[in-house]
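A structural walkthrough
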There are 4 protein chains.
Amino acid sequence: MNCEVNGFPPLVCCQDNSMHMHEDKETGRVEGFSDAVFAIAMTLLVIEIKIPSHEQVAVNGLAQSLAALWPSYLAFLTSFVTILVIWVHHHWLFGLIRKIDHPFLYCNGLLLLLVTFVPFPTALLAEYSTHPEAKVAANLYIGTFLVISLAFDVLWRYASIRLLSSNATSVKKDEAAQITKQYRFGPPLYFAAFGLSFVSETLSLALCLLLALFFALGGWPIRKS
Amino acid sequence: MNCEVNGFPPLVCCQDNSMHMHEDKETGRVEGFSDAVFAIAMTLLVIEIKIPSHEQVAVNGLAQSLAALWPSYLAFLTSFVTILVIWVHHHWLFGLIRKIDHPFLYCNGLLLLLVTFVPFPTALLAEYSTHPEAKVAANLYIGTFLVISLAFDVLWRYASIRLLSSNATSVKKDEAAQITKQYRFGPPLYFAAFGLSFVSETLSLALCLLLALFFALGGWPIRKS
Amino acid sequence: MNCEVNGFPPLVCCQDNSMHMHEDKETGRVEGFSDAVFAIAMTLLVIEIKIPSHEQVAVNGLAQSLAALWPSYLAFLTSFVTILVIWVHHHWLFGLIRKIDHPFLYCNGLLLLLVTFVPFPTALLAEYSTHPEAKVAANLYIGTFLVISLAFDVLWRYASIRLLSSNATSVKKDEAAQITKQYRFGPPLYFAAFGLSFVSETLSLALCLLLALFFALGGWPIRKS
Amino acid sequence: MNCEVNGFPPLVCCQDNSMHMHEDKETGRVEGFSDAVFAIAMTLLVIEIKIPSHEQVAVNGLAQSLAALWPSYLAFLTSFVTILVIWVHHHWLFGLIRKIDHPFLYCNGLLLLLVTFVPFPTALLAEYSTHPEAKVAANLYIGTFLVISLAFDVLWRYASIRLLSSNATSVKKDEAAQITKQYRFGPPLYFAAFGLSFVSETLSLALCLLLALFFALGGWPIRKS
């Protein structure tokens with residue numbers, strides 16, 4: 001592996017680059033695939049907002065029928081922002097690691113499975129949010145995000161222990177420690193929202209939207225370039 | 001960090017490249033994710049063109065039933081061209097910047113949220129364009145594009161002030177100034193179309209299609225390579 | 001621009017690489033976006049194959065109801081193979097060019113518009129292929145591919161005249177000439193199929209599937225690496 | 001092609017890199033396109049889980065109506081995991097090859113065609129899994145995966161014989177041999193599941209899910225970086 005001939009630094013530089021490039025390509029492809037799944041799941045959410053039927057419009061008028069769709073808009077907004085936040089954190093996590101192993105791929109696959117499932121509870125919540133059994137829809141909706149937060153937590157813990165780039169700068173290690181601290185809040189908060197959904201679906205969903213905004217604003221991590 | 005040994009230019013060249021490459025990768029991933037969302041939103045539009053029912057065909061024949069779908073075709077065309085124009089400008093904006101920060105990510109996320117929403121007002125307009133309350137559908141449709149033009153304006157202003165590559169050539173700075181001038185027309189024109197949609201839905205939608213074509217033809221920016 | 005210091009070839013090599021890399025990135029992004037549109041249009045085709053209703057199954061049994069969907073399968077297959085062939089040629093065309101300009105972007109956008117439209121005539125053909133007015137569905141279906149072949153022809157002619165890499169090897173120029181010759185057959189053949197669709201929808205669709213396979217097998221171009 | 005001037009190793013290194021980069025780009029684009037198709041097919045699966053109707057909920061309650069959707073969840077899970085496993089193997093296969101030729105592109109296109117078809121038998125199985133004719137749905141579902149396993153087998157055999165990087169390390173060749181041995185089990189096992197689906201749809205589907213998990217856990221190959 002020692003290609004340093006006659007003390008020429010360029011060769012060393014190139015080799016080092018190409019090695020990083022190889023590892024980057026490996027994680028890059030898994031990230032690219034994950035990104036596509038996130039993007040599609042987010043975009044599919046809009047399909048679940050059904051345009052009002054002609055019968056409904058004949059009775060209430062178009063403007064009022066559209067206004068009556070507010071649970072759909074709210075569910076769309078909450079799910080979109082939540083998946084976007086997951087994507088940002090996922091993307092950021094991939095910026096810290098340089099290699100990928102079997103357990104990580106399992107966790108990542110599980111996370112993608114859960115994310116692609118999100119349009120279903122979103123549509124269910126939109127349809128049944130004003131129904132007497134709205135609590136059941138809220139249970140499933142928030143339960144899904146609770147499981148996602150747990151899956152992400154496992155993914156992050158594993159990555160932070162095993163996959164951190166061996167030559168990570170201390171800046172990155174500080175970032176990682178800071179993130180671990182912040183992520184500690186995710187599952188408990190979603191667990192609280194899940195518990196609340198058995199008491200009041202309205203409050204639990206408001207908390208769910210607040211959590212998405214909180215993680216978007218307060219916990220938006222980005223690599224300093 | 002100083003790898004310049006014995007004054008070898010190759011090493012300097014490599015380092016400079018790899019630094020740009022790192023920054024490019026950062027913006028490249030956010031752009032790749034955004035591109036996927038744009039592409040899916042554009043492609044989902046066709047799902048909203050519903051094939052005519054057998055009952056309708058039994059009465060009017062297939063050819064006439066297909067002709068009666070003209071509002072769907074027109075809405076599809078207008079939305080497709082508008083999203084394509086947004087994509088071109090978005091892509092072009094990313095070519096001018098080299099780094100990304102928190103506020104930019106918020107604005108970009110908001111823009112993506114609005115773009116993924118477009119298939120809903122498009123389907124609504126196609127369904128209710130010949131209905132007595134067509135104005136409401138036109139309001140929502142053009143209102144959506146008005147909000148998108150505002151979001152894009154904010155994104156561009158922020159990027160042009162804060163994120164322009166520090167070593168941008170004067171050519172790029174001229175381009176940026178030119179774009180700022182051109183973008184000044186976007187929100188007012190969409191605001192005019194929005195106002196017009198309260199008077200005549202037909203005229204407002206014609207204006208909306210004209211705006212898409214105007215920005216496509218007149219304002220198609222591309223980096224000179 | 002002359003960085004050749006002390007006759008060191010490495011620097012020259014690096015610069016040349018980075019210049020190509022810049023141009024490649026530009027075309028690469030437009031190609032990546034186009035690829036996403038192609039991939040989604042191909043994958044959305046399956047949504048149009050509707051599973052048989054319980055009423056239908058109660059009368060005819062599940063196996064026979066599934067067999068009765070053969071027009072859907074055939075339309076799915078024909079559209080998939082045709083879009084795949086368009087993608088291969090599109091991808092190959094991008095391998096020959098190094099830069100992109102305004103008219104090329106218009107043509108490419110038009111091609112994407114037409115490709116995203118394909119799921120609609122595909123679903124229409126599947127639904128009405130055994131209807132007395134099946135010819136109308138065949139007209140629209142084959143007419144769409146005729147327009148696509150014309151749009152691709154324009155795209156190719158423009159690219160081959162204006163955008164061929166200035167330092168293209170003679171091998172590439174030979175390939176380009178060969179392709180131009182081959183593409184000459186596309187529009188006339190689809191025009192013939194379109195004309196035939198007014199006489200016999202069955203024959204015209206068989207020809208359409210044959211054309212897709214012909215271009216897939218006979219005309220599959222690939223860059224020799 | 002001999003650019004080795006004055007015995008400078010840097011130039012040789014760069015050229016070698018750029019050559020690999022060119023070949024990587026070629027396979028990379030086909031892989032990127034395939035990845036998009038895989039991601040979309042996986043994400044579209046959720047659209048087939050239909051939310052319970054208000055009539056059904058009025059009779060059974062929301063919780064029970066959701067529980068009654070278990071065949072949909074199971075079909076979603078099985079199809080998702082199976083496509084994910086195919087993607088992992090596909091991605092891994094592309095890591096071993098450096099070039100692409102016509103027959104490989106045909107096989108890859110056929111594999112993509114089959115993968116995009118998966119949402120249809122998945123929806124069919126979910127809808128008819130408790131129907132007297134459930135065996136027919138299971139036949140089609142498992143039959144689809146049997147054909148996919150055959151298509152992947154052909155793709156792999158062809159690639160392992162013809163497209164292995166000429167300068168593949170012996171480690172890679174060992175990996176390839178090991179994979180060939182493992183893949184020998186795919187088609188026979190799916191053939192067994194297919195046969196079983198004529199006897200008991202429940203057992204055959206359980207076997208199908210087990211196979212997906214077996215290939216996910218036992219046969220998860222990853223390049224050691």
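If you're wondering where the values come from, they're calculated on a predicted model, not measured in any experiment.

As a further point, take the overall build of chain A. Of regular secondary structure, chain A possesses 10 helices and zero strands. Counting from the amino terminus, helix and strand elements in chain A follow one another as α-α-α-α-α-α-α-α-α-α. Within chain A, buried positions represent 59% of all 225 residues.

This paragraph deals with helix H10 (residues 201–217) of chain A. Residues and elements named next belong to chain A. Taking 1.5 Å per residue as the helical rise, H10 with its 17 residues ought to reach 24 Å, and the 24 Å between its terminal C-alpha atoms agrees with that figure. Within H10, burial applies to Glu201, Ser204, Cys208, Leu209, Leu211, Ala212, Phe215 and Ala216. Each buried residue of H10 sits inside an arc of 150° when the element is viewed along its axis, so together they form one side. Facing away from the buried side of H10 by more than 90 degrees, the exposed set consists of Thr202, Leu203, Leu210 and Leu217.

Positive charge collects at one region of the surface, where Lys50(A), Lys50(B), Lys50(C) and Lys50(D) lie side by side. Among the secondary structure elements, Lys50(C) is positioned in the loop between helix H1 (9–44) and helix H2 (54–60).

This paragraph deals with the packing of aromatic side chains. Here the structure, examined in full by the defined rule, presents 40 aromatic pairs over all chains. Between Tyr73(C) and Phe117(D), the aromatic rings sit 6.4 Å apart at their centres with planes inclined by 75°, giving edge-to-face as the arrangement. Linking Tyr73(C) in helix H4 (residues 70–96) with Phe117(D) in helix H5 (residues 102–117), this pair reaches from one chain into another. According to the relative accessible area criterion, Tyr73(C) is partly exposed, its value standing at 26%. Judged by relative accessible area, Phe117(D) falls into the buried class, the value being 15%.

With that settled, the discussion passes to the confidence of the model for chain A. Residue and element names in this part refer to chain A. Averaged over all residues, the pLDDT of chain A equals 78, while 76% of them reach at least 70. Within chain A, the lowest mean pLDDT, 64, falls on helix H1 (residues 9–44), and the highest, 91, falls on helix H6 (residues 119–128). Note on residues 1–22: pLDDT under 50 across the span, and 25 contacts to partners over four residues away in sequence or across chains. Low pLDDT (under 50) marks residues 220–225, which in the prediction has 28 contacts with non-local residues, meaning those over four places away or in another chain. Both scores are available for the predicted complex, with the pTM at 0.83 and the ipTM at 0.78.

This next bit is on the side chain of Thr43(B). Among the structural elements, Thr43(B) can be located in helix H1 (residues 9–44). A relative accessible area of 0% places Thr43(B) in the buried class. Among the polar contacts listed, one links the side chain of Thr43(B) to the backbone oxygen of Ala39(B), at a separation of 2.5 Å. Excluding anything up to four places from it in sequence, Thr43(B) contacts Val37(C), Ile40(C), Ala41(C), Leu44(C) and Thr116(C).

This brings us to the packing of H6(A) against helix H7 (residues 134–162) of chain A. All names here are of chain A. In the contact formed by H6 and H7, the axes pass within 9 Å of each other and the chain directions differ by 155°. Relative to H7, the element H6 lies roughly antiparallel. The hand of the H6/H7 crossing is left-handed. Across the interface between the two elements, Phe120, Pro121, Thr122, Leu124, Leu125 and Tyr128 from H6 touch Ala134, Ala137, Ala138, Leu140, Tyr141 and Thr144 from H7.

All names here are of chain B. Together, Phe185, Leu189 and Phe214 line one region of the surface with nonpolar side chains, adding up to about 280 Å² of accessible area. Its place among the elements puts Phe214 in helix H10 (residues 201–217). Its relative accessible area of 40% is what places Phe214 among the partly exposed residues.

We now examine the pattern of salt bridges. Where charged atoms of side chains with opposite charge meet at close range, the side chains can pair. All names here are of chain A. Considering all chains together, one arrives at 12 salt bridges over all chains under this definition. Put simply, Glu201 and Lys135 hold a salt bridge, and the shortest N to O gap is 3.6 Å. Of this pair, Glu201 sits in helix H10 while Lys135 sits in helix H7; the two residues are 66 residues apart in sequence, bridging distant segments of the chain. Judged by its relative accessible area of 32%, Lys135 falls in the partly exposed class. The partner of Arg157 in a salt bridge is Asp153, and the shortest N-O contact between them spans 2.9 Å. Linking Arg157 with Asp153, this pair stays in helix H7, spanning four residues, or about one helical turn. The buried category is assigned to Asp153, whose relative accessible area is 13%.

So, on to the environment of Ala36(C). As for its position among the elements, Ala36(C) is in helix H1. As a C-alpha pair, Ala36(C) and Ile49(C) span 13 residues in sequence and 22 Å in three-dimensional space.

The next point concerns helix H5 (residues 102–117) of chain B. Residue and element names in this part refer to chain B. With 16 residues, H5 extends 23 Å from end C-alpha to end C-alpha; this agrees with the ideal 22 Å at 1.5 Å per step. Among the 16 residues of H5, 12 are classified as buried, and the element is accordingly described as predominantly covered. Among the residues of H5, Phe104, Leu105, Cys107, Asn108, Gly109, Leu111, Leu112, Leu113, Leu114, Val115, Thr116 and Phe117 are the ones counted as buried.

Moving on, we come to the packing of H4(C) against helix H5 (residues 102–117) of chain C. Residues and elements named next belong to chain C. Where H4 contacts H5, the two axes come as close as 12 Å, and the packing angle between them is 165°. It follows that H4 is roughly antiparallel to H5 by the angle criterion. Like other packed secondary-structure pairs, H4 and H5 cross with a definite hand, here left-handed. Two secondary-structure elements touch here, H4 through Ile83, His90, Leu93 and Phe94 and H5 through Phe104, Asn108, Leu111 and Val115. Its residues placed into classes, the contact of H4 with H5 shows six nonpolar, two polar and no charged.

Turning next to the environment of Phe215(C). With respect to the helices and strands, the residue Phe215(C) is situated in helix H10 (residues 201–217). Separated by 30 residues in sequence, Phe215(C) and Phe185(C) place their C-alpha atoms 10.0 Å apart.

It is worth spelling out the environment of Thr144(A) at this point. All names here are of chain A. Summarising the element assignment, Thr144 is placed in helix H7. The class for Thr144 is buried, based on a relative accessible area of 6%. It is 13 Å that separates the C-alpha atoms of Thr144 and Leu205, two residues lying 61 residues apart in sequence. Apart from the residues within four sequence positions on either side, Thr144 is in contact with Leu114, Phe117, Val118 and Pro121.

Basis of the calculations
- Residues numbered from 1 in each chain as written.
- Chains lettered and ligands numbered in written order.
- Predicted model: local features only at pLDDT ≥ 70, side-chain atom pairs only at ≥ 80, totals over all residues.
- Heavy atoms only, no water.
- Helix = DSSP H or I, 4+ residues; strand = E, 2+ residues; numbered from the N terminus.
- Buried < 20%, exposed > 50% of the residue type's maximum accessible area, 1.4 Å probe, protein only.
- Expected span 1.5 Å × (residues − 1).
- Arc of directions from axis to C-beta.
- Patch = residues over 30% accessible without salt bridge, like charges linked within 9 Å, V, L, I, M, F, W, Y side chains within 5 Å.
- Areas by Shrake-Rupley, 256 points an atom, 1.4 Å probe, with all protein chains shown as cover.
- Salt bridge = Lys/Arg side-chain N within 4 Å of Asp/Glu carboxyl O.
- Lys, Arg positive; Asp, Glu negative; His and termini not counted.
- Charge placed at Lys NZ, Arg CZ, Asp CG, Glu CD.
- Phe/Tyr/Trp six-rings, centres within 6.5 Å; stacked < 30°, edge-to-face > 60°.
- pLDDT = per-residue confidence, 0-100.
- Contact = heavy atoms within 4.5 Å.
- Polar contact = N/O pair within 3.5 Å; in protein donor to acceptor, adjacent residues only side chain to side chain.
- Axes fitted to C-alpha atoms, helices over the stretch in contact; angles between N-to-C directions.
- Parallel < 35°, antiparallel > 145°, perpendicular 65-115°, else oblique.
- Left-handed = near helix turned anticlockwise from the far one by under 90°.
- Nonpolar A, V, L, I, M, F, W, Y, C, P; charged D, E, K, R; others polar.

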